[in-house]
Amino acid sequence: MTASDPPATTTTLTAPADSHDLARFGYRQELERSLGSFSSFAAGFSYISIMTGVFQLFGFGYASGGPAMIWTWPVVFLGQGAVALCFAELAGQFPLAGSVYQWSKQVAGPATSWMAGWIIVIGSIVTAAAVAVAYQVILPQVSLGFEFVGGASDAGVTSTPAGAQNAIVLALALIVFTTVINMIGVKVMAKINNFGVLVELCGSTLLVILLIVHVKHGPQIVTETLGTGAGHSSGYVGAFLVAAIMSAYVFYGFDTAGSLAEETREPRRHAPKAILRAISTAFAIGGLLMLFAMMATGNLKDPNIGTLGLPYIVKGVLGNGLGDVFLICSAIAITVCCLAVQTAAIRLIFSMARDGSLPFAKSLAKVSPRSKTPVVPALLTGVLTIALLLVNIGNQRVFYVLTSVAIILFYIPYLMVTGPVLVRRLRGHWPRPEHGAYFNMGRWGLLVNVFAVLYGLAMIINLGWPRAAVYGADHWYYQWGAVVFTAVIAAVGGLYYVVKQRGRDLSPVDAP
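The rules we used
- Residues numbered from 1 in each chain as written.
- Predicted model: local features only at pLDDT ≥ 70, side-chain atom pairs only at ≥ 80, totals over all residues.
- Heavy atoms only, no water.
- Helix = DSSP H or I, 4+ residues; strand = E, 2+ residues; numbered from the N terminus.
- Rg over C-alpha atoms; globule rule 2.2 N^0.38 Å.
- Buried < 20%, exposed > 50% of the residue type's maximum accessible area, 1.4 Å probe, protein only.
- Salt bridge = Lys/Arg side-chain N within 4 Å of Asp/Glu carboxyl O.
- Axes fitted to C-alpha atoms, helices over the stretch in contact; angles between N-to-C directions.
- Parallel < 35°, antiparallel > 145°, perpendicular 65-115°, else oblique.
- Contact = heavy atoms within 4.5 Å.
- Polar contact = N/O pair within 3.5 Å; in protein donor to acceptor, adjacent residues only side chain to side chain.
- Phe/Tyr/Trp six-rings, centres within 6.5 Å; stacked < 30°, edge-to-face > 60°.
- Expected span 1.5 Å × (residues − 1).
- pLDDT = per-residue confidence, 0-100.
- Left-handed = near helix turned anticlockwise from the far one by under 90°.
- Nonpolar A, V, L, I, M, F, W, Y, C, P; charged D, E, K, R; others polar.
- Patch = residues over 30% accessible without salt bridge, like charges linked within 9 Å, V, L, I, M, F, W, Y side chains within 5 Å.
- Areas by Shrake-Rupley, 256 points an atom, 1.4 Å probe, with all protein chains shown as cover.

**Side note on the overall build of the protein**
Then, in step 1: Along the protein, the regular secondary structure elements total 21 helices and 0 strands.
Then, in step 2: Expected size for 512 residues packed as a compact globule is a radius of gyration near 24 Å; at 22 Å, the protein falls within 12% of this value.
Then, in step 3: A principal-axis box enclosing the C-alpha atoms of the protein has dimensions of 65 × 45 × 45 Å.
Then, in step 4: Buried residues in the protein amount to 62% of all 512 residues.

**Looking at the pattern of salt bridges**
Then, in step 1: According to the stated counting rule, one finds 10 salt bridges in the structure shown.
Then, in step 2: The partner of Glu89 in a salt bridge is Arg425, with the nearest N and O atoms 2.5 Å apart. Here Arg425 lies in helix H17 (residues 398–426) and Glu89 lies in helix H4 (residues 72–93), a separation of 336 residues in the sequence. The pair formed by Glu89 and Arg425 is uniform in burial state, with each residue classed as buried.
Then, in step 3: A salt bridge links Glu434 to Arg432; the shortest N-O distance between them is 3.4 Å.
Then, in step 4: In this structure Arg432 comes out as buried when scored by relative accessible area, which is 6%.

**Describing the packing of helix H8 (residues 161–184) against helix H9 (residues 186–213)**
Then, in step 1: Interhelical geometry of H8 versus H9 gives an angle of 130° and a closest axis separation of 6 Å. Relative to H9, the element H8 lies oblique. Touching Phe177, Ile181, Asn182 and Ile184 of H8 are Val188, Met189 and Ile192, all from H9.

**Quick notes on the side chain of Arg268**
Then, in step 1: By the secondary structure assignment, Arg268 is in helix H12 (residues 267–296).
Then, in step 2: Within the structure, Arg268 has its side chain in polar contact with the backbone oxygen of Gly92 (distance 3.0 Å).

**Remarks on the environment of Asn392**
Then, in step 1: Within the fold, Asn392 resides in the loop between helix H16 (375–391) and H17.
Then, in step 2: C-alpha of Asn392 to C-alpha of Gln165: the two residues are 227 residues apart in sequence and 8.7 Å apart in space.

**What to know about the packing of aromatic side chains**
Then, in step 1: Summed over the entire model, instances satisfying the criterion amount to 22 aromatic pairs.
Then, in step 2: Where Trp114 meets Trp118, the ring centres are 5.8 Å apart and the plane angle is 10°; that geometry is what we call stacked. In this pair, Trp114 and Trp118 are both assigned in helix H6 (residues 110–132), 4 residues apart and thus about one turn of the helix distant.
Then, in step 3: Ring centres 6.0 Å apart and planes at 90° place the aromatic pair Phe410 and Tyr414 in the edge-to-face group. Of the two residues, Phe410 and Tyr414 both sit in helix H17, 4 residues apart, roughly one turn of that helix. Comparing Phe410 with Tyr414 shows no difference in burial state: the two are buried.
Then, in step 4: Among the aromatic residues, ring-to-ring pairing joins Tyr47, Phe87, Trp103, Tyr249, Tyr252, Phe254, Phe410 and Tyr414 into one connected group.

**Comments concerning helix H2 (residues 37–48)**
Then, in step 1: Over its 12 residues, H2 runs 17 Å from end to end, which matches the ideal 16 Å to within 8%, given 1.5 Å per residue.
Then, in step 2: Summarising burial for H2: 10 of the 12 residues are buried, a large majority.
Then, in step 3: When H2 is considered as a whole, its buried residues turn out to be Ser39, Ser40, Phe41, Ala42, Ala43, Gly44, Phe45, Ser46, Tyr47 and Ile48.
Then, in step 4: Positioned one or two residues after H2, Ser49 has a phi angle of 45°, which is positive.

**Brief notes about the confidence of the model for the protein**
Then, in step 1: Averaged over every residue, the pLDDT of the protein is 91; the share at 70 or more is 93%.
Then, in step 2: Per-residue pLDDT stays below 50 along residues 1–12; that stretch engages in 21 contacts with residues further than four places along the chain or on separate chains.

**Considerations on the packing of helix H10 (residues 236–250) against helix H18 (residues 445–464)**
If you want to describe how two helices pack, look at the angle between their axes and the distance between the axes.
Then, in step 1: Between H10 and H18, the least distance of the axes is 10 Å, while the angle of their chain directions is 110°. The angle between the axes of H10 and H18 places the two elements in the roughly perpendicular class. Both H10 and H18 take part in a crossing whose hand is left-handed. Residues Leu241, Ala244, Ile245 and Ala248 of H10 lie in contact with H18, whose contacting residues are Met459, Asn462 and Leu463.
Then, in step 2: Looking at the contact of H10 with H18 residue by residue, the class counts come to 6 nonpolar, 1 polar and no charged.

**Describing the side chain of Glu262**
Then, in step 1: Of note, Glu262 is situated in the loop between helix H11 (256–259) and H12.
Then, in step 2: At 2.9 Å, the side chain of Glu262 forms a polar contact with the backbone nitrogen of Ala97.
Then, in step 3: Leaving out residues up to four positions away in the same chain, Glu262 has contacts with Leu22, Gln29, Leu31, Arg33, Pro95, Leu96, Ala97, Phe350 and Arg354.

**Re a nonpolar patch on the surface**
Then, in step 1: A contiguous nonpolar surface patch, about 570 Å² in accessible area, is contributed by Trp476, Trp480, Val483, Val484, Val488 and Val492.
Then, in step 2: Take the nonpolar patch: its biggest share by element is 4 residues, from helix H21 (residues 481–501).
Then, in step 3: Considering the arrangement of structural elements, one finds Val483 in helix H21.

**Examining unusual backbone geometry**
Then, in step 1: Cis peptide bonds are those with omega within 30 degrees of zero, and the linkage from Trp430 to Pro431 qualifies with -5°.
Then, in step 2: By secondary structure assignment, the location of Pro431 is in the loop between H17 and H18.
Then, in step 3: With a phi close to 50°, Glu266 is a non-glycine residue in the positive phi region.
Then, in step 4: Mapped onto the elements of the fold, Glu266 is located in the loop between H11 and H12.
Then, in step 5: Phi is positive for Phe360, close to 55°, though the residue is something other than glycine.
Then, in step 6: By the secondary structure assignment, Phe360 is in the loop between helix H14 (320–353) and helix H15 (361–364).
Then, in step 7: Since its relative accessible area comes to 72%, Phe360 is described here as exposed.

Right, dumping it as structure tokens:
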């Protein structure tokens, strides 16, 4: 327990009480506390965004593992669900902006928390770029007018030179939009995000119903591998592990509900529920969507499913007109997903900066008196994401490299939270005596926490493994790209910490 730990309370907090609760951690209420329970849920759900991740990577998962790849969905959900349960406990105890960084700070040492924050900030920027590239999978399949570079053969794919270039063009436009919205303020961001989530919830539910009406195959298709195990030394197990990248890409970012804690009313009560509701809702709707999409498609061996993915199935089953309506819903989901990713990154940078943990900390920690938003972090995340996209323009492999790296750069910081919490549990120091009435796993805590740590370690190895099936076999720097990029990020962060941060107290530093 630290001196800044607030005592537990079972009373409902008003806005002034929320601010007083925050002050006990040593921070002033600078961000605008205006979000309710739905906005908190929407922030986590839009980050996960089934109509982004599933539409974006279904083709990859299907090509890698056939219809049986759907079993990666419950496997990854169970693993990340265990992580989410651990996070729910922490969100009720530490209602602070920056989620993973702050949670790690409270349960681990300064070096661990700083590295967790550093890696996940970079991971957020990479994720924003990976999500923005998803426009290419959707918009050109709605209208060729969105294929500014290339032609009909490039629409909906990133595997051609022109398709890859067009993906960057569309992504740049999206990042400019999300940066502007995040600079305007959290109220506008929340309104747009809430609208997008409502569209996604209604659209995906209706889509599932329509797909059920057009079912052509029985549920036994979930055992069909389409021979994808050939070429893997371990047979279908190898194919299954590759296909798991699809599910892993969807199930992260649920901690965003905790990252907006200082802008949420009664965050100790709302944030834990929002985290668990976001991941559970995504699991239920996303699983049904994939299952009935495969059951509704005419030819399971159609090679276009592996290249054009779920948009191809939707338009094939429902026709161009109605199919385009759902693709537009997906485009809206991608928009608010990218918005939520950048919003979370901004709060992480702000949270670290006000502790003096980043270069130019005073500027990064300054909150605009007009918008009640950290404007400089918004600009910084936008510029860095645009730079990352421009560096990769024309790179046909950028999509899968960005995707894998983004997931790894979240799984590692997640381990820097679940690992230290597990150590505290084993020592009898968690849950704390003053835990109070907020979310608590009780006697299941140790088992869930152990599973969360083991799953995280296993998935990091799986994601970073230098497979030709994911990264190609012609250049070593592509095959080892995820490992090298992650190692470089960790090395740079570690060097900065040793030179500038080691020995520093991470006490709050008031922004000017």
